[in-house]
Amino acid sequence: MLICPICKTPLHREGNSLYCERGRPHCYDIAKSGYATLTSASGSSGDDRDMVRARTAFLDSGAYEPLAEAVTTALDGCNVIIDAGCGEGYYDEYIVSHRTDVSLYGFDLSKSACDHAAKRLKRLGGDAFFGVAGIFDLPVADSSCDAVVSMFAPIAEQEFRRVLKPDGLLIVAAAGRRHLYELKAAIYEEAYENDVRRDLPEGFRLERRDNIVYKFSCEGENLANLFRMTPYVFRTSSADAAKLKNIGSLCITADFELLVYKKSAE
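Residues numbered from 1 in each chain as written. Predicted model: local features only at pLDDT ≥ 70, side-chain atom pairs only at ≥ 80, totals over all residues. Heavy atoms only, no water.

Colleague: Teacher, can you tell me more about the packing of helix 1 (residues 49-59) against helix 7 (residues 220-228) here?
Modeller: Geometry of a packed helix pair, given as the angle between the helix axes and the separation of the axes. Taken N-terminus to C-terminus, the directions of helix 1 and helix 7 make an angle of 125°; their axes are 8 Å apart at the nearest point. In terms of orientation, helix 1 lies oblique with respect to helix 7. Of the two possible hands of crossing, helix 1 and helix 7 adopt the one that is left-handed. Note on element contacts: helix 7 touches helix 1 through Asn222, Asn225, Leu226 and Arg228, opposite Met51, Ala54, Ala57 and Phe58. Along the lines of polarity and charge, the residues of the contact of helix 1 with helix 7 split into five nonpolar, two polar and one charged. (Axes fitted to C-alpha atoms, helices over the stretch in contact; angles between N-to-C directions. Helix = DSSP H or I, 4+ residues; strand = E, 2+ residues; numbered from the N terminus. Parallel < 35°, antiparallel > 145°, perpendicular 65-115°, else oblique. Left-handed = near helix turned anticlockwise from the far one by under 90°. Contact = heavy atoms within 4.5 Å. Nonpolar A, V, L, I, M, F, W, Y, C, P; charged D, E, K, R; others polar.)

Colleague: Would you take a moment to explain the environment of Leu121 for this structure?
Modeller: Along the chain, the position of Leu121 falls in helix 4 (residues 111-124). A residue is classified by how much of its surface remains accessible, and Leu121, at 3% relative accessible area, is buried. Expressed as a C-alpha distance, the spacing of Leu121 and Thr9, which sit 112 residues apart in the sequence, is 27 Å. Beyond its immediate sequence surroundings of up to four residues, Leu121 is in contact with Gly89, Asp92, Glu93, Val96, Gly126, Ala128 and Phe130. (Buried < 20%, exposed > 50% of the residue type's maximum accessible area, 1.4 Å probe, protein only.)

Colleague: Would you take a moment to explain unusual backbone geometry for this structure?
Modeller: For residues that are not glycine, phi is negative in most cases, and the peptide bond is trans in most cases. Here Phe152, not a glycine, exhibits a phi torsion of approximately 65°, which is positive. On the secondary structure map, Phe152 appears in the loop between strand 8 (145-151) and helix 5 (157-163). According to the relative accessible area criterion, Phe152 is partly exposed, its value standing at 37%. Of note, Leu180 is a non-glycine position whose phi angle comes to about 60°, a positive value. Counting through the fold element by element, Leu180 comes out in the loop between strand 9 (164-175) and helix 6 (181-187).

Colleague: What should I look at first to understand helix 1 in this one?
Modeller: The α-helix advances 3.6 residues per turn, and as a result positions three or four apart in sequence lie on the same side. Restricting attention to buried positions, one finds in helix 1 the residues Met51, Val52, Ala54, Arg55, Thr56, Phe58 and Leu59. Where helix 1 is buried, its residues contact helix 3 (90-98), helix 4, strand 10 (204-219) and helix 7. The distance from a side-chain oxygen at the start of helix 1 to the backbone nitrogen of Asp50 is 3.2 Å, and the residue carrying that oxygen is Asp48. (Polar contact = N/O pair within 3.5 Å; in protein donor to acceptor, adjacent residues only side chain to side chain.)

Structure below.
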């Protein structure tokens with residue numbers, strides 16, 4: 001399943017390391033938590049440790065559980081699953097805890113996220129592996145998985161086609177127009193609806209589109225955690241962000257689009 005990010009040959013585990021067929025020059029150590037860095041790129045990116053903590057605290061509140069349930073249902077019949085942009089592993093934990101017959105591989109550029117995800121799944125005892133890698137260069141063999149899950153991450157269309165088996169599924173989660181509208185109304189002078197996602201794949205056949213809409217209550221530190229895990233945190237002034245401190249609680253709209261695609265013939 002796993003391949004060397006440098007020479008693209010299969011990886012084999014020996015102890016706490018992964019080696020490719022060319023031998024020890026291409027060696028990837030497995031951290032104590034259970035993840036490995038499988039990218040030839042230097043430096044780090046993605047969520048830092050504080051962002052991972054905030055995301056974990058919010059998601060563990062159960063506010064997005066209906067989405068996790070819908071994704072797990074959409075994966076029925078899929079046994080080998082890739083989470084492309086796995087983050088801290090919340091959705092992976094939900095999938096593995098409800099599907100004992102799956103092997104899950106999660107990839108993200110954030111070392112902090114992969115470390116956290118590996119620890120979560122290690123405690124659960126599920127069959128999961130996490131690797132630091134970009135979704136546009138997955139360290140995965142051709143036609144090796146039944147499904148790719150993309151939770152609010154960019155769509156690497158050609159790479160997803162490469163790793164999926166014939167008739168494999170691509171499951172995409174995107175924010176709907178009214179997603180978190182009340183949060184935006186609380187901090188901005190003028191709230192706005194979200195744009196329709198524009199990077200949806202063209203080389204796949206759309207099988208189903210589900211709209212998941214409901215309300216959830218959010219307050220205190222959990223409200224701050226929600227804000228910190230959204231893109232708004234990067235483009236909101238400190239004055240607007242400070243408004244959250246004076247809000248006791250909000251009833252917020254969750255609005256998700258869940259799209260299920262099937263890999264079409266070449």
